[in-house]
Structures are given as structure tokens and as C-alpha cells.
Amino acid sequence: MKRSRKLSTTVIGVVLTAIMLFPLYWMVNVSLTPREQLRADPPSLFPLHPTFSGYTQVLEQQIPYLGTSLVVGLGTVLLTLVIAAPAGYALAQLRPAGGATLNFLLLIAQMIPGIIMAMGFYILFNKWGVLDTIPGLIVADSTLAVPFGVLIFTAFMIGIPRELIQAAWIDGAGAWRTFRSIVLPMSRNSIVSVSLFTFLWSWSDFLFASTLNRGGEHQPITIGIFRYIGNNTQDWNAIMATAVVASVPAAVLLVIAQRYVAAGVTAGALKD
Amino acid sequence: MKTSMTRTQRAAVGQGVKEGAAQAAPSGTRQSARRATIRKQATAWAFLTPIVIYLVLFYAYPLYTNLDLSFRDYTLRSFISGEAEWAGFENYRQVLTDNTFGTALWNTFVFTGASLLFQYAIGLALAVFFYRKFPLSSTLRALFLVPWLLPLLVSASTWAWMLNSESGIVNAALSWIGLDPIYWLTSPDWSLTAVLITNIWIGIPFNLVLLYAGLQAIPTELYEASSIDGAGRWRTFWSITFPLLRPVSAITVLLGLVYTLKVFDIIWVMTRGGPGDSSATLAIWSYRLGFGGGSPQLSPAAAVANILILIAFAFGLFYVRAQRKALNQ
């Protein structure tokens, strides 16, 4: 009796998940549907005659965009870690005067709508001559992640036992040595979480790319997809193939780092 | 909660040690103690130097630039010369008297309000559902996260195709159950609903994860007690689960609010705010003025953006207060 009820709950759960993930299935389905069948009425629910022409097109046209996104993503991760990790250490362990104010400012920073930052950056980057460049985009994208990164690092590093740090101090290690050889290695989990989220946000960014890199030589994949939609609306097979490829990092992330993801979402919102 | 407790305790202990040392020590040691404190603070702020420079250069400066921009008349010529004439409140006057303002403000509120309501209600229902552990539950819960991790552009373009009037699967499904097709993206009556559906779909996973975490923090003894008292599931939910979940709910909704106010990618990809202004929010309107093609009107765009930031901050204050409350409980 009880077992059958559990089983029926599982069935309901599977159905709900299937409904939720239907758009993803549809994206894959359309990416495999031959162009002449896209307008079929009714649309076919399964790719009965799958074609990979959409994917060939992606490989021919979108590789440079994907490469740019990869470079920008990695650059953003690096910049975010360099800025956020020391800040997290100081806020968690060194009790700086004014730390509460800084925490508050970081909280506020997360609420600023991207369009405002984009407009300010646009004027400034024009002045600095970094409009349409990869470093410019890296800086802009990092603003999506730095406040979150500090929050996560602070939350994790507060848990490092003070005795451990004091022991290092007594052994004559300076603050920097302690940070590098004790705090950082112990914070591996939080480094992974922050890196994953930062990469994903940078990879997904469209607003900064479409304002600060409108005419650049190296543009990210989100611009690649958007161009497709604008130029050849007939070719949804190729658009969806690009979308599938652009989703790969998210999928990889979920498979290899599921526990970091859930932990990151919760920690970012619920911890102080 | 735990962290804030230990932190206060730690501070109290630190205070005690400091006072004790000050009382017992002669003035020479007191001076050296002060010097040690200064050195400690210097170390702490050395680690904070990168973030402070970063915040000033890449947060405060762009914000200030944006504010300045909204009070000037920035033209194509100023783009090259870098100079723009002072315009006072002219841009704000222009924006506030524009016909689009009312529509965009209304759309922003409807879009935000309806998104939050549905995301929260569906997320909570799912969280309660997944709380009953069953085979596969954790795997399915993980799969639910996928839509949230996808690039918004990917989700938006997928939904745009699904909602396509002629060849979309949604209209095909409607016709299977005998309903007329809906012009989701091309009719001014439906465009806001279309982007709303997409945004709700994206927001459900986030609500589910946070509320699920909140549910797990509720002590199980309370449920046992209530089942001994003979309360049904529905009663238990309304008299135990829902009230105890309030702090987490507040944070979830307010985070959702701050996020939804900024939504740009989804609407821009699906409808560009159209047809007409029918799905334009403040964020979309601002972008359209500044970067939407035609001659860029950066100064009015900045004015719209600053109005948006005022709204975001007003709600942001609620957020901070709610978080404080949640931490103190």
C-alpha cells in the first residue's frame, strides 16, 4: 500500500518534470527537424527524419562566437576571484572597521539594473577606448558576479576555525601567507561555486554584449544567436541548433557540479 | 542564524579581552596594543583594497556617469568630443510626459507582480511536493533547475518559436483541444502575457530551490505534533508550514522582485517591447531609446534608467529589512 503510493508520487513527479522541461525537448526537436518540415501543420512531435544540417551550420558560422564567449567567461572568472576572494577573507576573519558598511554596499550593488550599468559603461568605455573589446566586456560581465562572490566567500570563510589561522600566525606566517596557504586551499568548494556561477552568467550575458560590443570583431555567442534571429527568421532549425550548443555549459555544470549549484543558490540568498 | 550568533559572541569575547588588557596593563603596553590594532586594521583593509577600487571604478563611476548623462544633452557629436551641454531636468520632463511612460510603468508593475505571484505559488507547491521524499525525487529536483541555468537568450528564443502563431507547438496544442490560435507575439493584447509566461517558467526553479531549503529548516516535531492533534494536510500547511516559512518567503519574493525589475533579455528577444509599446517595460524602453536603432537618445534613456533604479532601491530597502528580520529569528 505504502509502496504503491510512493510509486504514484514518483510518476506524478516525472510528469511534472517532463512538463517543465518540455521547452528544452522542443528546442532539441526543432534543431533536428529539416527546414522544409518546420512549417508543417501540425508540427511533428518527434524528429522522424533527423537532420544535422543545423549543427553543421553552427560549426561553420558560430565557432568564433563560441570562442569569444569562452575567453570572456574565463577572464571574468579570473577577475572575479582575484577581487572577491581577498575581500571575503578580510570580511570573514580580519574584522575590518567599516566591514558592515561594505557588506551593505555590496547588497545594494546587486540590485542595480543592468541597463543602468550598461549605459554608464558605454560612455566610460567610449572615453577609455575599450568599447568593442574583450577586456571591456570582461570588466562589465564581472559586475554581475563580484558582489555575489564576496557574499559567498564571506559565508564560507567564516566557517574556517580561528584556531587554525591563529596557529599559522604564531608560526610566523603573515596575513598573506595564511591566506594563500591555509584559507584558499580550505575554500576550494566556494571557489568552485563562485567560478561556476560567474562563468555561467558571463556566458549568458546579452545586455552588456549588445551595448558594449555592438560592432566589435570578437562577439560572444549570445550576439551570434540574436543575429540569427534577426537575419534569417526562416532558419529556426539552425537557431535552435545554436541554442542547444549554447546550453552545453549549463548542462555540463549541472552534471558535474549539482551540489555546488544548489548550495550556491541557497547560500547567495539566505546567508548574510 | 548560526553564523550571526557566533559572530556576536566572538565580538563580545573580543571586547572583554580588550577591556581586561586595558585595565591590567600599564600605559606602555596599552600603546603597543593600540599599535597592534592599527596594524590589524591596516592588514584587513589591504585585503579589501582591490574590492574598494573595483567598487569605485566599476560601480560608483558608471552610476555617476549615468546620473550625469541624464542631466545633459548627449548627442552624436558629444560621442566624439566627449562634451555635452547641461540640460537640467529637461530629459526627465520629456520622459515623464511621454505617452510611453504610463504604459511602460504599468507594464513593469503587471509584469513584475504577475511573475512574482505565479513563480512563488508554483514554486511553493512544487517545494511541498518534493518535500515528501520519494524515489528519484532528488534527481527530478535537480532537473528542475535546468531552465534557470540556461542563457536567457536560449530560453527566450525557444519560447518565441513555441509561441509562433502559425507553426508554434502551443497553438497546435490549442487547436487539438478545439481552441482558436492566439497571436501571442504579434497581437498587442497577448504580447505581455507571452513574455510573462516565459519569465514565470524561468523563475520557478529559483523559487523551488529556496522554498525547499526553507521547508527543510522547519523542525519535523511540529508536524508530528500536528498529526497527533489530528490536523489534516491542508490545515497543517496553513497553520504550520506557511507561517514558519514567512522569512524565507519574504526573501524569495524580494529577490525575485529585484531580478524581475531588471528583466531585459527575454522581452527584447521575443517582442522588442512591441507590438507598439504593448510589452515594453521601463528597462526595455530605456534600452530602446539608447540602443534600439535609429538615432540614439542616450540622455532620455539614462533618465528612464534612473527612474527604474529609484523603484528598485525602494524595494531593495524592503529586502534588506526582510533579511535582517529573517536573520534575527
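Criteria and thresholds
- Residues numbered from 1 in each chain as written.
- Chains lettered and ligands numbered in written order.
- Predicted model: local features only at pLDDT ≥ 70, side-chain atom pairs only at ≥ 80, totals over all residues.
- Heavy atoms only, no water.
- Helix = DSSP H or I, 4+ residues; strand = E, 2+ residues; numbered from the N terminus.
- Buried < 20%, exposed > 50% of the residue type's maximum accessible area, 1.4 Å probe, protein only.
- Contact = heavy atoms within 4.5 Å.
- Domains from an automatic or database assignment.
- Buried area = accessible area lost by both parts, 1.4 Å probe.
- Polar contact = N/O pair within 3.5 Å; in protein donor to acceptor, adjacent residues only side chain to side chain.
- Salt bridge = Lys/Arg side-chain N within 4 Å of Asp/Glu carboxyl O.
- Expected span 1.5 Å × (residues − 1).
- Phe/Tyr/Trp six-rings, centres within 6.5 Å; stacked < 30°, edge-to-face > 60°.
- Lys NZ or Arg CZ within 6 Å of the ring centre and 35° of its normal.

Focus on the overall build of chain B
1) Next: Broken down by element type, chain B carries 16 helices and two strands.
2) Next: Every one of the 329 residues in chain B was classed for burial, and the buried ones make up 48%.
3) Next: Considering only residue pairs separated by 6 or more positions, chain B has 65% of its internal contacts joining residues 24 or more positions apart.

Let's talk about the environment of Leu196 of chain B
Residue and element names in this part refer to chain B.
1) Next: Within the secondary structure layout, Leu196 lies in helix α10 (residues 191-216).
2) Next: Separated by 27 residues in sequence, Leu196 and Ile169 have C-alpha atoms that sit 18 Å apart.
3) Next: With near-sequence residues (within four places) excluded, Leu196 lies in contact with Phe111, Ala114 and Ser115.

As for the side chain of Asn207 of chain B
1) Next: Take Asn207 of chain B: it is sitting in helix α10.
2) Next: Since its relative accessible area comes to 3%, Asn207 of chain B is described here as buried.

Focus: the domain arrangement of chain A
All names here are of chain A.
1) Next: Taken domain by domain, chain A consists of domain 1 (1-51) and domain 2 (55-270).
2) Next: A straight line from the C-alpha centre of domain 1 to that of domain 2 covers 32 Å.
3) Next: Facing 10 residues of domain 1, the contacting portion of domain 2 comprises 12 residues.
4) Next: Here domain 1 packs against domain 2, burying approximately 820 Å² in sum over the two surfaces, 59% of which is carbon and sulfur.
5) Next: Contact with domain 2 buries surface across domain 1, with Met27, Ser31 and Arg35 losing the most and accounting together for 58% of the total.

Thoughts on the interface of chain B and chain A
1) Next: Counting residues at the interface gives 93 residues for chain B and 98 residues for chain A.
2) Next: For the chain B and chain A pair, buried surface summed over both sides reaches about 9,100 Å², with 78% attributable to carbon and sulfur atoms.
3) Next: The three residues of chain B that bury the most area against chain A are Phe47, Trp161 and Phe291 of chain B, which together make up 9% of that side's buried surface.
4) Next: Across the chain B-chain A interface, the total number found is 10 residue pairs in polar contact (both at pLDDT 80 or more).

Quick word on the pattern of salt bridges
Side chains carrying opposite charge are able to pair once their charged atoms draw close together.
Residue and element names in this part refer to chain B.
1) Next: Counted under the stated rule, the structure contains three salt bridges over all chains.
2) Next: Between Asp68 and Arg72 there is a salt bridge, and its shortest N-O distance comes to 3.0 Å.
3) Next: For the salt bridge of Glu90 with Arg93, the shortest nitrogen-to-oxygen distance reads 3.1 Å. Here Glu90 and its partner Arg93 are both found in helix α4 (residues 90-96), three residues apart, which amounts to about one turn of the helix.
4) Next: Classification of Glu90 as partly exposed rests on a relative accessible area of 36%.
5) Next: Given a relative accessible area of 47%, Arg93 falls into the partly exposed group.

Some details on helix α9 (residues 169-176) of chain B
1) Next: The complete set of buried residues in α9 of chain B reads Ile169, Asn171, Ala172 and Leu174 of chain B.
2) Next: Of the residues one or two after α9 of chain B, Gly178 of chain B is the one with positive phi, at around 85°.

Structural notes on helix α10 (residues 188-204) of chain A
All names here are of chain A.
1) Next: Taking 1.5 Å as the rise per residue, α10 with 17 residues should run 24 Å; its terminal C-alpha atoms sit 24 Å apart, in good agreement.
2) Next: In terms of residue burial, α10 counts as a mostly covered element, since 12 of its 17 residues are buried.
3) Next: The complete set of buried residues in α10 reads Ser190, Ser193, Val194, Ser195, Leu196, Phe197, Thr198, Phe199, Leu200, Ser202, Trp203 and Ser204.

A look at the environment of Ala85 of chain A
All names here are of chain A.
1) Next: With respect to the helices, strands and loops of the structure, Ala85 is situated in helix α3 (residues 63-94).
2) Next: By relative accessible area, Ala85 is classed as buried at 6%.
3) Next: Along the backbone, Ala85 and Phe153 are 68 residues apart, and their C-alpha atoms lie at a distance of 6.2 Å.
4) Next: For Ala85, the residues in contact, after removing those within four places along its chain, are Thr80, Phe153, Met157, Phe179 and Leu184.

Remarks on the packing of aromatic side chains
1) Next: Throughout the structure, instances matching the rule amount to 45 aromatic pairs over all chains.
2) Next: Plain terms: the ring middles of Trp128 of chain A and Phe58 of chain B are 6.5 Å apart, the flat faces sit at 70° to each other, and that makes the pair edge-to-face. Residue Trp128 of chain A is found in helix α5 (residues 114-128), and its partner Phe58 of chain B is found in helix α2 (residues 27-70); the two belong to separate chains.
3) Next: According to the relative accessible area criterion, Phe58 of chain B is buried, its value standing at 14%.
4) Next: On the numbers, 5.0 Å between centres and 20° between planes, the contact of Trp236 of chain A with Trp161 of chain B is stacked. On the criterion of chain membership, the pair formed by Trp236 of chain A in helix α13 (residues 236-270) and Trp161 of chain B in helix α8 (residues 152-162) is interchain, its members lying in two chains.
5) Next: Put simply, the rings of Phe121, Phe125, Trp128 and Phe208 of chain A together with Tyr54, Phe58, Tyr59 and Tyr61 of chain B pair up and form one aromatic cluster.
6) Next: Positioned over the ring face of Tyr131 of chain B is Lys133 of chain B, at 5.6 Å from the centre of the ring.
7) Next: If you follow Arg141 of chain B out to its NZ or CZ, it ends over the ring of Tyr212 of chain B, 3.9 Å from the centre.

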